[in-house]
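# Working through the structure, step by step
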Amino acid sequence: MNYGLYGGGTVSPNAAESDLYQSWKKFIESGETGGINPDIAKAWKRCAAFRVNPYAGRSEFVLEKSKLREVLESHHELIDLARPFMNNLYKFVAGSGFIVLLCDEHGYIMDTVGDRDVNGNTDELNFNIGALWTEEEIGNNGVGTSLVLRKPFQVSGAEHYCRKHHKWTCSGSPIFNENNEMIGILEMSGPVEKTHLHTLGMVVAAAEAIEHQIQVHRQNRELTLLNNRMNNIINNVSDGVVIIDIFGEITQTNPALERILDRSLDLCGKTIENLFENTLIIRDMLVSGKGFKDVELTIRNGITLPCLVTGEVLRDEQGHITGASIFIDTIKNVHNLVNRFSGAQATFQFEDIIGDSKELMEAIRLGTRAAVSNSNVLLQGDSGTGKELFAQAIHNRSSRANYPFVAINCGAIPRELLDSELFGYVEGAFTGAKKGGRPGKFEMASGGTLFLDEIADLPLAKQVALLRVLQERKIMRIGGERVIQVDVRIICATNKNLFEEVKKGHFRQDLYYRLNVISIILPPLKNRRGDILLLLNHFLHSYSKRMGVPAPDVDQQVIRCLQNYNWPGNVRELQNVVERMLNISGGEKLTLEYLPMEVRPQPGYANPVPKHTPGPTLEKERKRIKELQAQQETEEIVALLAECGGNVSEVARKIGISRNTLYRKMRQYNIMR
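An account of the accompanying structure is given in this report.

About the cut-offs
Residues numbered from 1 in each chain as written. Predicted model: local features only at pLDDT ≥ 70, side-chain atom pairs only at ≥ 80, totals over all residues. Heavy atoms only, no water. Helix = DSSP H or I, 4+ residues; strand = E, 2+ residues; numbered from the N terminus. Buried < 20%, exposed > 50% of the residue type's maximum accessible area, 1.4 Å probe, protein only. Contact = heavy atoms within 4.5 Å. Areas by Shrake-Rupley, 256 points an atom, 1.4 Å probe, with all protein chains shown as cover. Patch = residues over 30% accessible without salt bridge, like charges linked within 9 Å, V, L, I, M, F, W, Y side chains within 5 Å. Salt bridge = Lys/Arg side-chain N within 4 Å of Asp/Glu carboxyl O.

Another point: the overall build of the protein. Helix and strand counts for the protein come out as 23 helices and 19 strands. Residues counted as buried form 48% of the 673 residues belonging to the protein. Considering only contacts in the protein between residues 6 or more positions apart, those separated by 24 or more positions represent 63%. Carbon and sulfur atoms make up 49% of the accessible area of the protein, which amounts to about 33800 Å² in all.

In structure tokens, the structure reads:
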């Protein structure tokens, strides 16, 4: 490159004295600029317009300390990056009286490298940090003129406007960032007689190297930031993440994988076969470059854990495969997510149970006790008494509340489909089996609660399979070979007397004792008539709000009829009656005409028995309930004594009563240890 194009002519001192000096003197005396470089002429005119003293030339303007500190702090990156290049540039001229300057975009000196004291020449000028080197301050020079022209420029000898600079050659080059914004000036000043023809070229090359280093530094900073962000994402996602190279060696894992495996890992440097049971699909991906999504694989690293795995290849800038990222989620977590959005959740709480009768309060007390335990629960009561509501309330009060609540009606599913519903199946297990297989209710409820409604209707053959699962906490899908660990809490419900079903041979005794750890009997509505008015008001306001109408008044005759009706359908029937009356009445007062025929008084109906005076049928029912409760307590105590090896203190603790109370009940029910 012909760097003379950037400068103001020759660097020969003799030529400077004979030609340039005379031109300078002529300009100072008359303002004429003939025969000199146009850029130099323009620079002199700017200096004259600024009223710069041509016989001065020393910078008298120096930044105060606080301002200088701000400049240095805001340009610290440029200073740090430029200093090695300034040192290398100086090595070529060391000991020759040269000095290398780094100035900011306004012309303030930020850093210097060089021979400040050679021949005492630097005393005439001001090379101190913070000194201003613009044309307005010291006349045209390598710094000030490069600032104006925004290009490399050299000012030599008498080309300087100020006489004190005539001993110097100043070679300056702007430094630009990636947005073409000037961020500084690199300049080298030295004696005229020692300046080389390529001095400016050296400065320009150093400035360009600094610009390149700035870009590299910026890119490295962006890559570091991107890498930190990616690592932050990888370390905080809920899925386990494994990064492998092209050879299948693990280069990185994340904390979520350790949480999935419930232990710390040391997999880096090991092959992917150390983690998964079957890695064929992963190896194929590294060869073909085709990723996969939601494929079921099994982790075998010290445990056997089924997972859903997604893989995607990683490529370099040329598109070559460099490895792959693998995302892992447990089947359990996936099922929890599916259950959440598919409605497999418990919505009712104990606070949603309406009533304050003694029988209901006792059932709620037992339910809240059951909630803090992981023991199986048996709910017994007539249809419509709210067995599933109780089951959901127990689940929501338990430590499993954030996990699925899955319900299945054992009496509503055909016998031949029960196994697939409970335990699931693999692909191809039978004709019509879905592609990819299907998890059963035990898998779907893993971590949460499985509610088995109408348990008494479960066929004997299926009772054996259920008992085995309750004992081993393991299942195997139909047609599968892999054993799957399950963690579920079982709540069963029936409208039959399960103990009587055992006596009849319709229900296995061993399964009965396995399920009947905590037994709760839900009273029928006819046994808690004092709750009927509470339920009536609750349903009235609930359905009225849903229909967008005000709750109507209710005739006293209607209330008396409701309180004296036997309610074979229990709370569910009362709920149905209230909804029916509201729809038919259109918001009018509820009178006898809106009651269903079976609820209305029959011909010859006289004054009803006061609700506080139990009739013989009600008294008989209450007696039956007390007998069932006594039977329930007996069975519970006997089962716990067997479970605890006859340890009365342990049994009392599990039931939640004192040892003396337990001894009293054992004497009452004639229970022997």
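On we go from here.
A contiguous nonpolar surface patch, about 390 Å² in accessible area, is contributed by Leu223, Leu226, Met230 and Ile233. Along the chain, Leu223 falls in helix α7 (residues 199-236).

For the rest of this paragraph, the subject is the pattern of salt bridges. What the rule picks out here adds up to 22 salt bridges. The salt bridge involving Glu500 is made with Lys503; its shortest N-O contact spans 3.6 Å. Of this pair, Glu500 and Lys503 both sit in helix α16 (residues 498-504), 3 residues apart, which is roughly one turn of the helix. A residue is classified by how much of its surface remains accessible, and Glu500, at 30% relative accessible area, is partly exposed. You can call Lys503 exposed: its relative accessible area is 58%. Each of the salt bridges in this network shares a partner with another, and the network as a whole consists of Asp80, Arg83 and Asp111.

The next thing to look at is the environment of Arg659. Within the secondary structure, Arg659 sits in helix α23 (residues 659-668). Those residues within four positions of Arg659 in sequence are excluded, and the remaining contacts are Ser649 and Ala652.

The next point concerns unusual backbone geometry. At Trp567, a residue that is not glycine, the phi angle is positive and equals roughly 50°. Within the fold, Trp567 resides in the loop between α19 (556-564) and α20 (570-585). Despite not being glycine, Asn570 shows a phi value in the positive range, around 60°. Tracing the backbone through its elements, the reader meets Asn570 in helix α20.

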